[in-house]
Amino acid sequence: MKPTAPQIPYRVLLPIAVGFICFVISALELSHATQLDIKHSGLSKQQAKTVNLWITQGIDAVEQTLSPIPMDSLTIEVVRKRYAREPVPFAQVDRGSPTKVKLQVDANASLQEFVDDWTLYHELSHLYLPYLDTPSFWLNEGFATYMQYLTMLGAKVIDLSQYEARMKDGFDRGKARTRSHPGRLSDVSDDMWNRGAFTRVYWSGAAYFAEVDRALIARGTDLTHVIGQYSQCCLRQNSSGWQLVTQLDKVSRSKIFTDTYLEYYQRRDFPSISPGTLQKISHHYHSETEA
Ligand SMILES: [Zn+2]
């Protein structure tokens with residue numbers, strides 16, 4: 001989820017909303033197997049059109065980077081947020097039945113402003129992993145955080161140098177917030193909401209996936225292939241972090257996920273991800289999209 005705005009206003013907004021206008025876009029139109037249902041509240045016809053276009057483009061970008069969204073149906077609820085300071089001030093995944101992605105948006109944002117915002121790519125990436133126990137939240141949020149800019153790179157929304165700069169900026173902020181939120185990563189993760197330790201937890205998790213991805217790339221595969229395979233064969237609704245990394249080892253026929261997990265889950269420091277690692281990753285994915 002996106003932690004920058006509090007959760008409560010969204011829950012307050014929902015009952016006030018005078019019904020959602022609903023668009024069901026058929027699987028054929030979108031050329032993927034997931035039945036997509038976009039519901040809006042408080043948007044004009046033109047604003048709804050812009051939002052639909054943004055969401056379908058965002059889904060395409062994530063599916064191109066990872067694999068088809070691993071579910072039969074997906075509901076996206078879009079609510080207008082008044083006085084918004086950014087295109088998507090708040091978002092979260094609701095893992096009920098059906099699974100929903102809830103977005104609060106600035107109804108006046110342009111299509112380009114929506115496309116340039118990382119939030120949708122982050123939320124959609126959450127759909128490829130199970131909901132984990134709270135001490136393992138760093139894996140859930142780390143994966144979505146790692147994928148948000150990788151998806152934007154793959155879709156050419158950002159270029160190589162922007163990708164590397166944004167990742168470095170995230171790691172720098174994660175490191176700074178580790179000083180203000182000390183403790184073992186799994187403990188801080190377990191208590192993330194109370195402590196407001198989002199940046200440390202999200203970016204420590206992103207560092208985990210950067211390390212794992214670099215190791216996978218060195219073996220001739222990469223994280224997006226492994227997660228793509230996992231999400232098609234083995235995705236569950238809920239799991240423990242350890243069960244997840246054990247399963248990912250099986251899929252990748254390696255020990256990379258568990259070995260790196262054992263280095264990370266109790267660590268008190270912020271991991272060091274070198275510019276060389278980021279370059280290896282960005283060039284790998286960049287050359288994949290050019291191929
Ligand atoms: Zn998230």
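In this text the structure is predicted, and so the values were computed from the model without any measurement. (Residues numbered from 1 in each chain as written. Predicted model: local features only at pLDDT ≥ 70, side-chain atom pairs only at ≥ 80, totals over all residues. Heavy atoms only, no water.)

## Observations concerning the state of the cysteines
- Evaluation of the coordinates by the stated rule reveals one disulfide.
- What pairs with Cys233 in a disulfide is Cys234, and their sulfur atoms sit 2.0 Å apart. Between Cys233 and Cys234, the S-S dihedral sits near -90 degrees, and the bridge is therefore left-handed.
- Among the residues examined, Cys233 registers a relative accessible area of 51% and is labelled exposed. (Disulfide = S-S within 2.5 Å. Buried < 20%, exposed > 50% of the residue type's maximum accessible area, 1.4 Å probe, protein only.)

## Here we look at the side chain of Ser125
- Assignment of secondary structure puts Ser125 in helix α5 (residues 119–125).
- From its side chain, Ser125 meets the backbone oxygen of Tyr121 in a polar contact 2.7 Å long.
- Ignoring anything within four residues of it in the chain, the contact list for Ser125 reads Leu66, Phe143, Ala144 and Met147. (Helix = DSSP H or I, 4+ residues; strand = E, 2+ residues; numbered from the N terminus. Polar contact = N/O pair within 3.5 Å; in protein donor to acceptor, adjacent residues only side chain to side chain. Contact = heavy atoms within 4.5 Å.)

## Regarding the packing of aromatic side chains
- Under the defined criterion, the tally for this structure stands at 15 aromatic pairs.
- With 5.0 Å between their ring centres and 75 degrees between their planes, Trp193 and Phe198 make a pair best called edge-to-face.
- Where Phe198 meets Tyr202, the ring centres are 6.3 Å apart and the plane angle is 90 degrees; that geometry is what we call edge-to-face. One end of the pair is Phe198 and the other is Tyr202, both in helix α10 (residues 198–218) and four residues apart, which spans about a single turn.
- Among the aromatic side chains, those forming a connected cluster through ring pairs are Trp138, Phe143, Tyr208, Phe209, Trp242, Tyr261, Tyr264 and Tyr265.
- For Arg267, the ring lying beneath its charged end belongs to Tyr264, and the centroid distance is 4.7 Å. (Phe/Tyr/Trp six-rings, centres within 6.5 Å; stacked < 30°, edge-to-face > 60°. Lys NZ or Arg CZ within 6 Å of the ring centre and 35° of its normal.)

## Focus on the pairing of strand β2 (residues 35–41)
- Among the seven residues that make up β2, five are buried, leaving the element largely enclosed by the rest of the structure.
- When β2 meets strand β3 (residues 73–80), the two strands line up parallel, connected through seven bridges. Of the residues in β3, the one forming a bridge with Ser41 is Val79.
- In this region the chain leaves β2, passes through helix α3 (residues 45–65) and returns to the parallel neighbour β3; the handedness of that crossover is left-handed. (Pairing = 2+ DSSP bridges. Right-handed = clockwise from strand over helix to strand, strands pointing away.)

## Digging into the confidence of the model for the protein
- In this model, the protein carries an average pLDDT of 90, and 89% of its residues clear a pLDDT of 70 or more.
- Between residues 5–19, whose pLDDT stays under 50, and residues either more than four places distant or in other chains, the model counts 25 contacts.
- Note on residues 22–31: pLDDT under 50 across the span, and 21 contacts to partners over four residues away in sequence or across chains. (pLDDT = per-residue confidence, 0-100.)

## Remarks on the pattern of salt bridges
- Within this structure, the stated rule accounts for seven salt bridges.
- Measuring nitrogen to oxygen at the nearest pair gives 3.1 Å for the salt bridge that ties Asp169 to Arg173. Residue Asp169 and its partner Arg173 are located together in helix α7 (residues 160–180), separated by four residues, close to a single helical turn.
- The class for Arg173 is partly exposed, based on a relative accessible area of 37%.
- As a salt-bridge pair, Asp269 and Arg267 come within 2.8 Å of each other at their nearest N and O atoms.
- On the basis of relative accessibility, which here comes to 41%, the residue Asp269 falls in the partly exposed class.
- The exposure class of Arg267 is buried, given its relative accessible area of 16%. (Salt bridge = Lys/Arg side-chain N within 4 Å of Asp/Glu carboxyl O.)

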